[in-house]
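Listed here are the chains, written in short residue letters.
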Amino acid sequence: MEAVGQLVKSVPLENGLTVFFHSISKKLPGGRCQLQLLITIPLEIKESCFEGHESDSTAIEAFRRANAEGVCFKQEKVRNFTEESEVENVLGTMCDAFLRASRSYLSKADFEK
């Protein structure tokens, strides 16, 4: 997976996955910014992810070829008209709020499935 924007932080999860937070923010006139936080979790395509589904090895390989660049959970958060002096603080707050709301779900052992 190609990195996008500036890495704000990365957080390892209990299931071995890692959450990456990238800022793809834009400056606006008047000393303001549109904060865009791109949240990604790269996922490995494993045979075990297909257990319990009617699929054969040919279908699994076709899926892998179609997703050669990898599979990734993505979510984007946006805040408009933030003062430039508050960018770091607000990005940190956005990261923390996402983790508080989603960490237990994202940390499940079978999240990749």
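Preceding this section is the structure that the text describes.
Since this is a predicted model, take the numbers as computed values, not measurements.

A. The pattern of salt bridges, seen in detail. For the structure on display, the rule yields four salt bridges. Residue Lys9 pairs with Asp96 through a salt bridge whose shortest N-O separation is 3.2 Å. One end of the pair, Lys9, is in strand β1 (residues 6-12); the other, Asp96, is in helix α2 (residues 87-106), and 87 residues separate them in sequence. On the basis of relative accessibility, which here comes to 36%, the residue Asp96 falls in the partly exposed class.

B. Representation of the packing of aromatic side chains within the structure. By the definition in use, this model includes three aromatic pairs. Relative to Phe98, the ring of Phe21 lies with its centre 6.0 Å away and its plane at 80 degrees, an arrangement referred to as edge-to-face. A residue pair is termed long-range when its members are at least 10 positions apart, and Phe21 in strand β2 (residues 18-23) and Phe98 in helix α2 qualify at 77 residues. Like Phe21, the residue Phe98 is buried in the burial classification. Ring geometry for Tyr105 and Phe111: centres 5.4 Å apart, planes at 90 degrees, overall edge-to-face.

C. How the structure looks around the pairing of β1. Alignment of β1 against β2, held across six bridges, turns out to be antiparallel. Looking at β2, one finds that Leu7 is bridged to His22. With antiparallel pairing between neighbouring strands as the criterion, β1 and β2 make up a hairpin whose turn holds five residues, including Gly16 at a positive phi of roughly 95 degrees.

D. Quick peek at the environment of Leu91. Inspection of the secondary structure assignment puts Leu91 in helix α2. You can call Leu91 buried: its relative accessible area is 7%. Each C-alpha atom of the pair Leu91 and Arg79 lies 9.1 Å from the other, and the pair is twelve residues apart in sequence. Those residues within four positions of Leu91 in sequence are excluded, and the remaining contacts are Val8, Ser23, Ser25, Leu35 and Leu37.

Conventions we followed
- Residues numbered from 1 in each chain as written.
- Predicted model: local features only at pLDDT ≥ 70, side-chain atom pairs only at ≥ 80, totals over all residues.
- Heavy atoms only, no water.
- Salt bridge = Lys/Arg side-chain N within 4 Å of Asp/Glu carboxyl O.
- Helix = DSSP H or I, 4+ residues; strand = E, 2+ residues; numbered from the N terminus.
- Buried < 20%, exposed > 50% of the residue type's maximum accessible area, 1.4 Å probe, protein only.
- Phe/Tyr/Trp six-rings, centres within 6.5 Å; stacked < 30°, edge-to-face > 60°.
- Pairing = 2+ DSSP bridges.
- Contact = heavy atoms within 4.5 Å.

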